[in-house]
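Listed below, chain by chain, are the residues.
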Amino acid sequence: MMYAHRLDNLPPYLFARIDAMKAEKRAQGVDVIDLGVGDPDLPTPSHIIEALVIAARNPATHHYPDYAGMFSYREAVADWYKARFGVELNPKREVLALIGSKEGIAHIPEAFVNPGDYVLVPDPGYPVYKTSTLFAEGKTWQMPLMEKNAFLPDFSAIPSDICKKSKLMFLNYPNNPTGAVASLSFFEEAVDFAKENDIIVVHDNAYSEISFDGYRAPSFLEAKGAMDVGIEMHSLSKTYNMTGWRIGMAAGSADIIAGLGRVKNNVDSGAFDAIQIAATEALTASQECIAHSCAIYEERRNVLVSGLRELGFEVTAPKATFYVWMKVDNSMAFTAKMLNEAGIVVTPGTGFGDAGDGYVRFAITRSVERIEEALERMRGVFA
Ligand SMILES: *Cc1c(COP(=O)(O)O)cnc(C)c1O
C-alpha cells in the first residue's frame, strides 16, 4: 500500500511501540503495572452520567448537533470561565464546542498555517502539536523546556527569522509531560512576544483543575491582551474523568475561534447533544468532585515521589497534572529496564520530543496500592 507522503513524514509513534511491548509482557503472564497512560482510572462522577442517560433518552438529542455547539453548553462554558478564572467570554463568538481538545489542537493549524509557515511547539510536548502542524504542511520549531528555566520556553532564544515566519505557538501549563506550572506573568510575556511577532497563541489548559497543595492554575485568557492574540483549548477529560466522552471547548479571540470553526464545519458535525447536556451538568453542578479527584492524586503523588527519593532518584513533586517527571541516565534504557525487570510501564521522555531525553514520565493514574507495589518491585531492581 502506498501511503501519502504526509503519513511517511510523521514521527514514529513511540506509544504504539510501548503498547506492543506491554501486550507482549502481559501475554507472558506478567502482572504489568501501567504508569504510562495519561488517562484517569477514576470513574466519571455519577451526576454527570445520570444527566447523559436522561438526555440520551430524549429523541430531540438524536439529530445532527449545532456546528458551534449547543448555545446552552457554550453559555455554561462562559459561566464556568467567569466563575473559575474571572474571564468574560461571549458564548456566541468566543466559545466553540470541541470533540475533545485534541480535536481542536489537530485542526487549528489548518485554519492559519500555510505550507512552509512555522509553528512554535514545546519540546517535550504533547505529540499532536507537531503532527497537526505537519498535516497542515507547516514546519515546527521546537522550543526546549529546560529544567534550569523551570520548564518554560525562552522566547529570546528563538531566532528572529523563525519568529518572522511563525504563525502559531502552542503552550501547555500545567504541563504534560513535565508537570511544570506557569504564572500569569509568564503568560503576559507570551502575549507580548506574540504581539511583537504577530503570532497566534494556542494555550492547552487540559490540566488546569488537577492541582495540589492549594495551588490554583491560571487561564492564559486571564493575561492582559490574551484575548487579542490567542485561544485556550480546554476539556472535560481530565477535570471530570471523561476522556472517553470526547467533549471539550475552545475559548478566546473571536477571529481565531471563527477560523477554527470554518475548518470544523467541513470535517465534523459536532459533539452529540446528549454529551453536551451532560457536560453542561458537569460545568454547572457542584465542583466538589474535582477536589475529591485531586485529593486522590495528591496522595498518590506523595507516595510515588517519596518512594522514588528513597531509591535515590532526583524528582520534583509536581504542583499540578497527574504526571511525575523524573531525571534518568537514559530514557529508553530506563523504560526497558522497568518493563523487563519490574513489569512497570513508564513513558520515555523522548516520546515527547528530543529535549525529553534523560527523563521518564510516571502517570499516577493507578491506585496507591499499585504504586506501592511498583515501588516495592523497583527496590528489588535498583537497590
Ligand atoms: C489529555 C491531553 C489533551 C487531550 O484531551 P482531550 O480533551 O481528551 O482530547 C490535550 N492536551 C494535553 C496536553 C493532554 O495531556
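These figures come from a predicted structure and were not determined experimentally.

Draft legend 1. Spatial organisation of the packing of aromatic side chains. Counted under the stated rule, the structure contains 21 aromatic pairs. On the numbers, 5.4 Å between centres and 20° between planes, the contact of phenylalanine 334 with phenylalanine 382 is stacked. With phenylalanine 334 in helix α13 (residues 331-342) and phenylalanine 382 in helix α14 (residues 368-382), this pair connects stretches of sequence that are 48 residues apart. A connected cluster of aromatic rings, assembled from ring pairs, spans Phe155, Tyr173, Phe186, Phe187, Phe193 and Phe220.

Draft legend 2. Seen up close, the pattern of salt bridges. Overall, the coordinates contain 19 salt bridges when judged by the stated rule. Residues aspartate 34 and lysine 22 are paired through a salt bridge, measuring 2.7 Å at the closest nitrogen-oxygen approach. Residue aspartate 34 is located in strand β1 (residues 33-34), and its partner lysine 22 is located in helix α2 (residues 14-27); the two are separated by twelve residues in the primary sequence. The two residues aspartate 34 and lysine 22 agree in class, both being buried.

Draft legend 3. Geometry of helix α3 (residues 46-56). Buried within α3 we find Ile48, Ala51 and Ala55. Down the axis of α3, the smallest arc covering the buried residues is 60°, so these residues share one side. Opposite the buried face of α3, by more than 90 degrees, sit the exposed residues Ser46 and Ile54. Buried positions along α3 lie against α11 (273-284).

Draft legend 4. Focus on the environment of serine 166. Along the chain, the position of serine 166 falls in strand β5 (residues 166-171). For serine 166, a relative accessible area of 3% translates into the label buried. Considering only alpha carbons, one finds serine 166 and phenylalanine 15, 151 residues apart in sequence, at a separation of 29 Å. Apart from the residues within four sequence positions on either side, serine 166 is in contact with Tyr118, Leu120, Asn197, Asp198 and Ile199. A polar contact of 2.6 Å, which involves the side chain of serine 166, links it to the backbone oxygen of isoleucine 162.

Draft legend 5. Quick peek at the environment of arginine 309. Relative to the assigned elements, arginine 309 resides in helix α12 (residues 288-310). The exposure class assigned to arginine 309 is partly exposed, which follows from its relative accessible area of 45%. In this view, arginine 309 contacts Val315, Thr316 and Ala317; residues no more than four positions away in its chain are not counted.

Draft legend 6. The domain arrangement of the protein chain, seen in detail. Along its sequence, the protein chain is organised into domain 1 (5-42 + 288-382) and domain 2 (46-284). One C-alpha centre belongs to domain 1, the other to domain 2; they are set 25 Å apart. In this complex, domain 1 contributes 34 residues to the contact, which on the side of domain 2 involves 33 residues. In this assembly, domain 1 and domain 2 are joined by three salt bridges. The residue glutamate 137 makes a salt bridge to arginine 6 at a minimum N-O spacing of 3.9 Å.

Draft legend 7. Just the site of the ligand, in detail. Taken together, 14 residues lie around the ligand, and Asp204, Tyr207, Ser235, Ser237 and Lys238 are the ones closest in. Lysine 102 is positioned such that a nitrogen or oxygen atom in its backbone is 2.8 Å from an oxygen atom of the ligand. The separation between an oxygen atom of the ligand and a polar side-chain atom of tyrosine 207 is 2.6 Å. Classifying every residue of the shell around the ligand gives four nonpolar, six polar and four charged.

Draft legend 8. Structural context of α12. Compared with an ideal rise of 1.5 Å per residue, which puts 23 residues at 33 Å, α12 spans 34 Å between its outermost C-alpha atoms and is within 8% of the ideal. Along α12, the residues that are buried comprise Cys289, Ile290, Ser293, Cys294, Tyr297, Arg300, Arg301, Val303, Leu304, Val305, Gly307 and Leu308. Those residues of α12 that are buried lie in contact with α3, β9 (323-327), β12 (359-363) and α14. In the stretch just after α12, glycine 312 is the one whose phi turns positive, near 95°.

What counts as what
Residues numbered from 1 in each chain as written. Predicted model: local features only at pLDDT ≥ 70, side-chain atom pairs only at ≥ 80, totals over all residues. Heavy atoms only, no water. Phe/Tyr/Trp six-rings, centres within 6.5 Å; stacked < 30°, edge-to-face > 60°. Helix = DSSP H or I, 4+ residues; strand = E, 2+ residues; numbered from the N terminus. Salt bridge = Lys/Arg side-chain N within 4 Å of Asp/Glu carboxyl O. Buried < 20%, exposed > 50% of the residue type's maximum accessible area, 1.4 Å probe, protein only. Arc of directions from axis to C-beta. Contact = heavy atoms within 4.5 Å. Polar contact = N/O pair within 3.5 Å; in protein donor to acceptor, adjacent residues only side chain to side chain. Domains from an automatic or database assignment. Near = heavy atom within 4 Å. Nonpolar A, V, L, I, M, F, W, Y, C, P; charged D, E, K, R; others polar. Expected span 1.5 Å × (residues − 1).

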